[in-house]
Amino acid sequence: MSVSLVVEQALNGLQFGLMLFLMAAGLTLVFGIMDMINLAHGSLYMIGAYLAATVAGVTGSFWIGVACACAATALIGVALEATALRPLYRRDHLSQVLATFAMILVANEGVRLVFGDQSPPLNPPAALSGAVALGPDLRYSAYRLVVIAVGAGVAALMYLLVNHTRVGMWVRAGASDRGMALALGIDVPKLFTVLFGIGAGLCALAGALLGPILAVQVGMGESILILAFVVIVIGGVGSVRGALVGAILVGVVDTCGRAFLPQALKAVFPGAVADNVGPALASISIYALMAAVLFWRPQGLFPAQA
Amino acid sequence: MTARARRLLAIGAVLAAVGFPLVAMRFDLGFYVGFVNRVMIFALAATSLNLALGFCGLASFGHAAFVGVGAYTVAILAEHAAHGSLFGVIPGTTSAWIAWPAAAATSGVVAALIGAICLRTRGIHFIMITLAFAQMLYFFTVSLKTYGGDDGLNLAHRSDVGLGVRLADDTHFYYVVLALLCAALYLMGRLVRSRFGRAIVGIRENEVRMEAIGFPVFQYKWVCFAIAGALAGIAGALLANHNAFVSPNALHWTQSGMLLVMVLVGGRESLFGGVLGAATLLGLEEVFSAWTTHWQLPVGAILLALVYLAPRGIAGLFGREPMA
Amino acid sequence: MSAPLLRVRGLAKQYGGLRATDSLDLDAHAGEIHALIGPNGAGKTTLVAQLAGTVSPDAGTIEFRGRDVTRAPVHERVQFGLGRSFQITSLFDTLTALDNVILAVQAKAGSSLRFWRAAAAETGLVRQAEQVLDEVGLTDRGRVRVRDLGHGERRQLEVALALAGDPALVLLDEPMAGLGPPESRKMVDIVRRVRTRAAILLVEHDMDAVFVLSDRISVLVAGRVVASGTPDEVRRDARAREAYLGHSPRA
């Protein structure tokens, strides 16, 4: 186990974590402000990836594909919120689960209808297809480095927005106590629609950026959605800072766990057991962490709500 | 709908179910016997969830895991009947009389262990923590390379029942499943009217007051959750038999989501909510997939419509059960 | 004087900088109606919560029928003979009044881990429940669902649920809350009748009712008992007058 391998996996974990953050940021605000479980969040991620692949395929430019995907998905998000999601805010959580679960079905099939059954290729820009030397014997994908940079940039932007602007203050107020925010005259519904659109755009960004790495296919939303929920539970519902910390934590544990746990286990357990349990242990440990937080500190690491 | 009308309808449904295979064979629709089998198995699974969710208010988002544990119990026991033994000690078996109760027992114990932790939380946290444990079980089954891992595990044949019953025959299997489903519904009907049933309904309605009148609320939730898990285990045993196959997919969170959808669509708080929901969801799937490969779209759209238009599920459209 | 049924010593509960309960001592005796009065913010709600078991005290002891119940969970205290009614009505809204009381009776009538026999067929439970409904004046209202009951009737049902478990001591938390004059008079009669069955710790703002009903009154101010005694003694006590009785009683 060399240092460069550890660094490589850590960077992979950071990269995955930052993409998870893009998804979790929108999700945590939806949950925090409107107390709504939105399972269709993963579908926005999928739609973004498909749009990016299609536009990039047509224009030949990856970044134009990404930009169009984000813009279009943001609009789709706004339309979705204004029509299908709004009646669900006053319903109980299980009705929200049912409705958004149905939306997943519709979205998956809709994507198949529009884009076909084939998994569209999404290639990173040619300029980034090579590797960069990060150390004496570590070469790391240039594309992944850019993904990290974009993710970190968005995180910084969100930090500025949430903590240093008036709009951000409204968002924090709404996430902390919606009733009080309303009473203070903050137009929570309109703010929320805008937020939802931004969240959708962030999903699309994550989908587009991860597309070259994870493959664009129907159902790609479901697996990342569940991880996004883990992130917001650990981080604290309604807290963007919590989403960032939680996302990086989950991303690193998942990636490094998968890479190193099988070997670590081999040192202690016989080969057969280590081979069996090793890879799964990384995933299991993430959910164990989620359960532990829910049990001992249900409000999460950075509670937003009073 | 009056209680009498409801009872007549239930009897009618059972009679129709009993006569169905005979009619299907007559008109060369044998395929549909397998389909109704599948509906009944999921009806049983959904009914077990309804016990926890509809009657006790426990919104478990991990119930498919208990179904999966039951299915794997049967499959693993069958695997070791052919060779080897479980943990090197326990011999395998293909006898339904041992494997199916074992499935129920294993699921019940797993539910009891998970419940001991999860039931200390409430509301959205409970929903999430049950999801977390179900995911842990899912990844655990993926890691079981000796039992197929991701690829799943085949059963050489369906369980042995003896007494002249051959489960390999779809019609025989149908009647066994029907009998178990009816028995489960009958027992649940009695349970709901019993002291225990009143207690769990009370807990659903007002947990604080239940404590204040002297009920050890946690214990009752726990027992209810374990029973629901055990019942799910039986559904799992039947599922393993139906497909002659188990895979980690049966424990995936989307399967738990589907069970929740069935209960909510069918109408929680109704004894037949699970049956109605399974029949509706799988029926819609069957009808639309005959028409188009994109059947998920109209089915999803109909489910959406149901959420907005029938907030209390299909059973809710027919008026409330007297034992709400 | 016989040993007290309820013996509270040095009870303390702090929320941040606020001492909701401050080294509080209190006794309640069998056969007595002991009223707890005090201005808003005196800590009555917190005290009731600690006695019932929904809030855990920071310090002090609560002894009930000779047993230390300071850390006992809510349902254990109820099983041991402590009942309570809620200030804000807390019933089983979708059930009938009779079913509400049957639940409370059932809780004390052996284990409810019975899965087969229909509860409605247990004539013993039903009869006991009907008796309790009689006692609180809801005789013919058993088959009515809670949400179809009037406010006054719901307050009566509140008391019924506290009584149904045949407690030795009942915590009545503002039973008159929201009741008009005729309903209040009815409630006073009910409380008098309850006294024959169980000791009562009565938290109330309705001063007329308090002075008419009580055998003992304790005045709570800022988490402490500043005066305690018979109604006459308390009426004459300077500290009590200063703290509370200076305000005009509810009409």
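Note: the structure precedes this text.
Please read all numbers here as calculations on a predicted model, not as lab measurements. (Residues numbered from 1 in each chain as written. Chains lettered and ligands numbered in written order. Predicted model: local features only at pLDDT ≥ 70, side-chain atom pairs only at ≥ 80, totals over all residues. Heavy atoms only, no water.)

Novice: Give me the pairing of strand S1 (residues 6–15) of chain C: which residues, what numbers.
Specialist: Strand residues, when the strand is regular, have side chains that alternate between the two faces of the sheet. Residues and elements named next belong to chain C. By the bridge criterion, seven bridges tie S1 to strand S2 (residues 18–28) in an arrangement that is antiparallel. Bridge pairing links Gln14 to Arg19 in S2. Linking two consecutive strands that pair antiparallel, namely S1 and S2, is a turn of two residues; a positive phi of about 65 degrees is found at Gly16 within it. Sheet topology places S1 next to strand S4 (residues 59–64); five bridges connect them, and they run antiparallel. When the sheet's bridge partners are listed, Ala12 is paired in S4 with Ala59. (Pairing = 2+ DSSP bridges. Helix = DSSP H or I, 4+ residues; strand = E, 2+ residues; numbered from the N terminus.)

Novice: So what about the pattern of salt bridges? Which residues, and what values?
Specialist: With the rule as written, the count across this model stands at 26 salt bridges over all chains. Residue Arg195 of chain B is joined to Glu122 of chain C by a salt bridge in which the shortest nitrogen-to-oxygen separation is 2.8 Å. On the criterion of chain membership, the pair formed by Arg195 of chain B in helix H7 (residues 195–205) and Glu122 of chain C in the loop between helix H3 (97–108) and helix H4 (123–135) is interchain, its members lying in two chains. Glu122 of chain C matches Arg195 of chain B in its accessibility class, with the two residues each being buried. Residues participating in the shared-partner salt-bridge network are Glu109, Arg112 and Asp117 of chain A. (Salt bridge = Lys/Arg side-chain N within 4 Å of Asp/Glu carboxyl O. Buried < 20%, exposed > 50% of the residue type's maximum accessible area, 1.4 Å probe, protein only.)

Novice: Break down the sheet that holds S2 of chain C for me, citing the residues and quoting the values.
Specialist: Two modes of strand pairing occur in sheets, parallel and antiparallel, and in both the strands are linked by backbone hydrogen bonds. Residue and element names in this part refer to chain C. If you trace the four strands from one edge of the open sheet to the other, you get S2-S1-S4-S5, paired in antiparallel fashion. The outermost strands of the open sheet, each flanked by one partner alone, are S2 and strand S5 (67–68). Relative to S5, S4 runs antiparallel, the two being bridged by two bridges. Paired with Glu63 across the two strands is Asp68, which belongs to S5.

Novice: Give me the lowdown on a nonpolar patch on the surface, citing residues and values where you can.
Specialist: All names here are of chain B. A grouping of Val23, Phe27, Leu29, Phe31 and Tyr32 is seen on the molecular surface, where their side chains present a nonpolar patch of about 520 Å² in accessible area. Looking at the secondary structure, you find Tyr32 in helix H2 (residues 31–55). Residue Tyr32 is classed as partly exposed on the basis of its relative accessible area, which comes to 33%. (Patch = residues over 30% accessible without salt bridge, like charges linked within 9 Å, V, L, I, M, F, W, Y side chains within 5 Å. Areas by Shrake-Rupley, 256 points an atom, 1.4 Å probe, with all protein chains shown as cover.)

Novice: How would you sum up the interface of chain C and chain B? Please name residues and give values.
Specialist: Across the contact, 38 residues belong to chain C and 28 residues belong to chain B. Between chain C and chain B, a total of about 2,900 Å² is buried, with carbon and sulfur atoms accounting for 57% of that surface. Broken down residue by residue, the surface that chain C buries against chain B is led by Phe92, Phe115 and Trp116 of chain C, which jointly contribute 22%. For the pair chain C and chain B, the interface holds three salt bridges. Summed over the shared surface of chain C and chain B, the result is 18 residue pairs in polar contact (both at pLDDT 80 or more). Of all the elements in the fold, those that place two or more residues in the side of chain C that touches chain B are helix H2 (74–79), strand S6 (82–85), H3 and helix H5 (151–163) of chain C. The element contributing the most residues to the side of chain C that touches chain B is H3 of chain C, with six residues. For the side of chain C that touches chain B, the class distribution of residues is 20 nonpolar, nine polar and nine charged. (Contact = heavy atoms within 4.5 Å. Buried area = accessible area lost by both parts, 1.4 Å probe. Polar contact = N/O pair within 3.5 Å; in protein donor to acceptor, adjacent residues only side chain to side chain. Nonpolar A, V, L, I, M, F, W, Y, C, P; charged D, E, K, R; others polar.)

So, to be careful, I would describe these as geometric facts and stop short of saying anything about function.
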